[in-house]
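Below are the chains, spelled out letter by letter.
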Amino acid sequence: MRRTWSLWVMLALFVVLRANPGEAREVTLQAEQWTRSLVAAGLTASSMTREALGGGLAHYTWKVRVGTGKYDAVTVHRVVREARAWIPARSRRAVFMVHGDLWGFVPAFLTNTCVSTMPEDRSLAAYLASQDVDVWGLDLRWVGVPETETDFQFMEGWSLRTHVKDLGTGLALADVVRRLSGNGNNDRMFLLGWSRGATIGYAYLDAESQRPRGQRRVDGFVPMDMVLRFAPEAAEQRQWACDRYQVLQAARDEGRTEGGLLGPAPGTPVRLIGQLAAQAPNSPSPLAAPGLVGGPTPTNRQFAVIAAGKTAALFAPLQPLTPGYHLAGSVTDVAGLPVKTAFTPEPTLFDYLQLALPYQSLNEVVETEAQLCGLDVPYDDHLQDVKVPVLYVGAAGGVGHYGEYSTRLLGSTDVTRIIVRSRPESERALDFGHADLFLARDARVRVWQPILQWMQAH
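Remember, predicted model here, so these are calculated numbers, not experimental data.

**Q** Can you help me understand the pattern of salt bridges in this one?
**A** Pairing of side chains with opposite charge becomes possible as their charged atoms draw close. Under the defined criterion, the tally for this structure stands at 19 salt bridges. We note a salt bridge from Asp-219 to Arg-213, for which the minimum N-O separation is 3.1 Å. The class of Arg-213 is partly exposed, set by a relative accessible area of 44%. Between Glu-427 and Arg-423 there is a salt bridge, and its shortest N-O distance comes to 2.7 Å. Note on Glu-427: relative accessible area 33%, which makes it partly exposed. With relative accessibility at 29%, the residue Arg-423 sits in the partly exposed group. If you follow the salt bridges from partner to partner, you end up with Asp-72, Arg-141 and Asp-166 in one network.

Dropping the structure here:
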């Protein structure tokens, strides 16, 4: 059950739940200290929610204003084991997660709470929290833009720099709350970024490396399935990025401020693919391009599997991030077309596709492609000064090994690299996909447990 409270009501409830006659004053002082700390950090939390998840876990959210514009707000998330209701248990380790395109924090990292086809404990955030890791994250600004919006000029100034700033705000809030919860000596966190969230993570660390040690908040970095810059030998992939950059830059020059590689409102077709596959799986797909399969029009179910297994085809005529890039690995027919998913259950995939968000700011996509193209951007000038431990986790059918070179641009000497694969590199088009990292039946064993073990070792 989810309950929403104003900050002041929440603080009063905190006092009531924690206090007995002997400790009421102490708890009141803690609450006052929290309020002062939030104000000192420049944080304006307009509301807080708590949702019991089962297994002693809870999901907290804070809505935080980060500007004066209508949509200048982010939602900070926390998934944590509780000592009792509203009282998070102390933890030695914490991680802050940043999502990528299309899906916000909950569908990306806490998927089981919004997808009925996933078991209760089947999400990365819930798994880590069940292992006494204090899990935090945020929804980037564009997550809160409703589908009914039609004027996107407010996105004109949103960029990777904007998201880096908002990430800093989320980390500051996590720092305040963790200190209040008794984690004052363990205030630094791991930073985990998936897809474009990893790009934001690199940019954040690049900037944080220039601050005094005592002002830094990240002590370890987990970039998941993303490349920042291509290795010298990946000249073809770098040229692909330059081609994408030119197309997107032209759209931005024409005044577009919203969208991505799939065009304006990139989440809308993805969501529709999932809806049709779930609601009318055996009907001919109205979305399949003529001649796509060289035979009868695929059903809605088949088309969803094809779209997830051959995601690169959706970018045509542009080339994708890496050869054969896809969301979910598949099994193909004799013609090479996906006929069923290989790692993620189809009902889960279809539900997941329906959670895609409609809009996204265009600037961050343009800037990412410029960086991948090898152009000068202001987000990687100090990577050699980043010396935190690093764990790179790649999906062999997503970005995979192409993301390893980016970790070598850092000054870190403690670097671990894991590529989740089931096939040789020559068959990467069928291997473990970009979203399989979170949705696959065996993701816990192949992906989440290695991440946990790395965190425990650091």
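**Q** What's the story with empty space enclosed by the protein in this structure? I'm lost.
**A** Over the atoms, a rolled probe matching the size of one water molecule traces out where space is still vacant. Taken as a whole, this structure holds two cavities of 30 Å³ or more when the rule is applied. Reported here for the largest cavity is a volume of approximately 550 Å³. As for the largest cavity, its lining consists of 34 residues, of which Asp-101, Leu-102, Leu-261, Phe-315 and Tyr-325 are closest to the centre. Broken down by element, the residue count for the lining of the largest cavity peaks at four residues, all from helix H11 (residues 362-373). Of the residues that constitute the lining of the largest cavity, the class distribution is 21 nonpolar, eight polar and five charged. By volume, the second largest cavity is sized at about 40 Å³. Considering the residues around the second largest cavity, the lining is formed by Val-80, Arg-81, Ala-89, Arg-90, Ser-91, Ala-129, Asp-132, Val-133 and Asp-134. Of all the secondary structure elements, the ones that give two or more residues to the lining of the second largest cavity are strand S4 (73-84) and strand S7 (133-139).

**Q** Which parts of the structure should I look at to understand unusual backbone geometry?
**A** It is generally the case that most residues other than glycine have a negative phi and that most peptide bonds are trans. Omega for the peptide link from Ala-316 to Pro-317 comes to 5 degrees, which places this bond in the cis form. In this fold, Pro-317 is placed in the loop between helix H9 (300-309) and strand S10 (330-332). Positive phi, close to 60 degrees, is recorded for Ser-195, a residue that is not glycine. Looking at where Ser-195 falls in the secondary structure, it is placed in the loop between strand S8 (189-194) and helix H6 (196-208). Phi is positive for Asp-225, close to 50 degrees, though the residue is something other than glycine.

**Q** Looking at this model, I keep getting lost on the nonpolar core. Mind explaining?
**A** Generally speaking, a soluble globular protein has its nonpolar side chains buried in company with each other. Judged by nonpolar contacts, the single largest core of 61 residues is most densely connected at Trp-103, Phe-109, Leu-128, Val-135, Met-224 and Leu-437. The element best represented in this core is helix H14 (residues 443-457), accounting for seven residues. Non-local contacts of Trp-103, meaning those with residues more than four positions away in its chain, are made with Ala-108, Trp-194, Val-270, Leu-327, Tyr-352, Leu-353, Leu-355, Ala-356 and Leu-357.

**Q** Sorry, what's going on with the packing of aromatic side chains here?
**A** Here a ring pair, both rings aromatic, is described through the centre-centre distance and the interplanar angle of the planes. Enumeration over the complete set of coordinates arrives at 16 aromatic pairs. Arranged with centres 5.6 Å apart and planes meeting at 75 degrees, the rings of Phe-109 and Phe-438 form a pair that is edge-to-face. Placement of the pair is Phe-109 in helix H3 (residues 105-109) and Phe-438 in helix H13 (residues 436-439), with a sequence separation of 329 residues. Residue Phe-109 shares its accessibility class with Phe-438, and that shared class is buried. Summarising the aromatic geometry, the rings of Phe-343 and Phe-432 are spaced 5.0 Å apart at their centres and angled 55 degrees between planes, so their arrangement reads as tilted. Here Phe-343, found in the loop between strand S11 (338-341) and helix H10 (346-353), pairs with Phe-432, found in the loop between strand S13 (415-420) and H13; they are 89 residues apart in sequence, far enough to count as distant. An aromatic cluster of three or more residues is present, and its members are Tyr-71, Phe-152, Phe-154, Trp-158 and Tyr-359.

Analysis parameters
Residues numbered from 1 in each chain as written. Predicted model: local features only at pLDDT ≥ 70, side-chain atom pairs only at ≥ 80, totals over all residues. Heavy atoms only, no water. Salt bridge = Lys/Arg side-chain N within 4 Å of Asp/Glu carboxyl O. Buried < 20%, exposed > 50% of the residue type's maximum accessible area, 1.4 Å probe, protein only. 1 Å grid on protein atoms, 1.4 Å probe; cavity = no way out; pocket = protein on both sides within 12 Å on 5 of 7 lines; lining within 4 Å. Points joined across faces, edges and corners; volume = space filled by probe spheres on them. Helix = DSSP H or I, 4+ residues; strand = E, 2+ residues; numbered from the N terminus. Nonpolar A, V, L, I, M, F, W, Y, C, P; charged D, E, K, R; others polar. Core = buried A, V, L, I, M, F, W, Y, C linked by side-chain atoms within 4.5 Å. Contact = heavy atoms within 4.5 Å. Phe/Tyr/Trp six-rings, centres within 6.5 Å; stacked < 30°, edge-to-face > 60°.

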